[in-house]
Amino acid sequence: MSECFSLAFGIGTQNSAGDWLEVFYPQPLLNPGNALIDVVKAELGYAEGNQAISFAASQCGALSQALNAAGFSEQAALVAQMADSARPLVATVLASDEAPSSTPEAYLKLHLLSHRLVKPHGVVLAGIFPLLPNVAWTTQGAIDISELPQRQMAARMKGDSLVVHSIDKFPSMTDYVVPAGIRIADTARVRLGAYVGEGTTVMHEGFINFNAGTAGTSMVEGRISAGVFVGKGSDLGGGCSTMGTLSGGGNIVISVGEGCLIGANAGIGIPLGDRCTVEAGLYITAGIKVALLDDADNLVEIVKARDLANQSDLLFRRNSQTGAIECKTNKSAIQLNDMLHAHN
């Protein structure tokens, strides 16, 4: 038997029809090993392939004992806790990394990213959107939108307040996992499925989409779109933007190298190498014409920005007199203020 890709025990929410709305996996596992899968086979009837297996709280005792006997004490303790759950329980097994086929599978893959077990583009997410229902995220948890008016009425009748935080397919990452060593000023702006590297600070206007994020220490005051991964030591200035594959980037995978600066209200539609700077207010799209300059500011040639993709030590700027977009060697890479990230 080949090694299993992932396994997790979860607590979820279903609507009145029994459809999954979301699943919380406290301890997702990557490559859990065949011995653990054997326990799930014996106790929960797992057969093969990618499968989400619903189980009752009454089964937790026997499952926990079997996990302990097989030497999996952490998973045993987790399952023992689940015996008191009033919400539906599920064991999700991903035998291989294939496109998800159910809501529990989709949520497990998002958890793997936010738990830093896989990096953006490191897991297959094809077809994930139809599997993520559009949900009302409230002070009473996830609620099916069609059932929201009834729940609001019931809350009012009891004198309670049911606050709707958002209507979205993706919840806030921090409602499911808070990775070590980070700061997020507004947690609603980081979606589940974001990979937030240790040392990252996300300020109030910063945003990180799913399957995107930061490799390590970074300052994020702009938008990291879906599919974009930012290298260590980079700074995304206030209001800046990275063009993801969902927002017009096509098949180009946009990324930001290490030690880069994207200035306030600037943006990129090409991947940057290391130690690159984009001047504030300048948006670099793939087809835009760029004047290459030597160290004496003499014109070398005119190229399209896509020809400079992934190249390091570049400074992009706009000539204030002619309006031309110019590029030359970046003489000084940025350095983040260590004090801002030392106490995450």
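Rules and cut-offs
Residues numbered from 1 in each chain as written. Predicted model: local features only at pLDDT ≥ 70, side-chain atom pairs only at ≥ 80, totals over all residues. Heavy atoms only, no water. UniProt positions renumbered as here; feature names shortened; annotations may be inferred. Domains from an automatic or database assignment. Pairing = 2+ DSSP bridges. Helix = DSSP H or I, 4+ residues; strand = E, 2+ residues; numbered from the N terminus. Axes fitted to C-alpha atoms, helices over the stretch in contact; angles between N-to-C directions. Parallel < 35°, antiparallel > 145°, perpendicular 65-115°, else oblique. Left-handed = near helix turned anticlockwise from the far one by under 90°. Contact = heavy atoms within 4.5 Å. Nonpolar A, V, L, I, M, F, W, Y, C, P; charged D, E, K, R; others polar. 1 Å grid on protein atoms, 1.4 Å probe; cavity = no way out; pocket = protein on both sides within 12 Å on 5 of 7 lines; lining within 4 Å. Points joined across faces, edges and corners; volume = space filled by probe spheres on them. Buried < 20%, exposed > 50% of the residue type's maximum accessible area, 1.4 Å probe, protein only. Arc of directions from axis to C-beta.

The chain is annotated in an unreviewed UniProt entry as 2,3,4,5-tetrahydropyridine-2,6-dicarboxylate N-succinyltransferase of Halopseudomonas pachastrellae. As its UniProt record puts it under Subcellular location (unreviewed entry), the chain is described as follows: "Cytoplasm". Within the UniProt record for the chain, the comment given under Sequence similarities (unreviewed entry) is "Belongs to the type 2 tetrahydrodipicolinate N-succinyltransferase family."

S.K.: Where do I start with the domain arrangement of the chain in this structure?
M.R.: The assigned domain composition of the chain is domain 1 (6-128), domain 2 (137-168) and domain 3 (183-342). On a C-alpha basis, the centroid separation for the pair domain 2 and domain 3 is 39 Å.

S.K.: Explain the sheet that holds strand 19 (residues 255-256) to me, please; I cannot follow it from the model alone.
M.R.: Backbone hydrogen bonds are what pair the strands of a sheet, in a parallel or an antiparallel way. Reading across from one edge, 10-13-16-19 is the order of the four strands in this open sheet, with parallel pairing throughout. The outermost strands of the open sheet, each flanked by one partner alone, are strand 10 (194-196) and strand 19. Sheet topology note: the strand 10/strand 13 (residues 212-214) ladder contains three bridges and is parallel. Residue pairing in the sheet places V196 in a bridge with T214 of strand 13.

S.K.: Before we go on, may I ask you to explain the packing of helix 1 (residues 34-44) against helix 2 (residues 60-69) in this structure?
M.R.: To characterise two packed helices, one gives the angle between the axes of the helices and the distance between these axes. In the contact formed by helix 1 and helix 2, the axes pass within 10 Å of each other and the chain directions differ by 150 degrees. Judged on the interaxial angle alone, helix 2 and helix 1 are roughly antiparallel. Here helix 1 and helix 2 pass one another in a crossing that is right-handed. Within the contact between the two elements, helix 1 uses L36, V39, E43 and L44 and helix 2 uses A62, L63, A66 and L67. Of the residues in the contact of helix 1 with helix 2, the class split is seven nonpolar, no polar and one charged.

S.K.: Sorry, what's going on with the layout of surface pockets here?
M.R.: Using a probe with the size of a water molecule, rolled over the atoms, empty space left in the structure can be pinpointed. The volume enclosed by the largest pocket comes to roughly 440 Å³. Contributing to the lining of the largest pocket are 21 residues, with W137, P171, S172, D175 and Y176 lying nearest its centre. Sorting elements by how many residues they give to the lining of the largest pocket places strand 8 (residues 164-168) first, with three residues.

S.K.: What is the right way to read helix 2 from this model?
M.R.: What sets the pattern is the α-helix's 3.6 residues per turn: residues three or four places apart point alike. Listed in full, the buried residues belonging to helix 2 are C60, L63, S64, A66 and L67. Buried residues of helix 2, seen end-on, are gathered within an arc of 165 degrees and therefore sit on one face of the element. Residues of helix 2 that are exposed and point over 90 degrees away from its buried face: Q65 and A69. The elements touched by buried residues of helix 2 are strand 1 (6-14), helix 1, strand 4 (51-55), helix 3 (73-82) and strand 5 (89-94).

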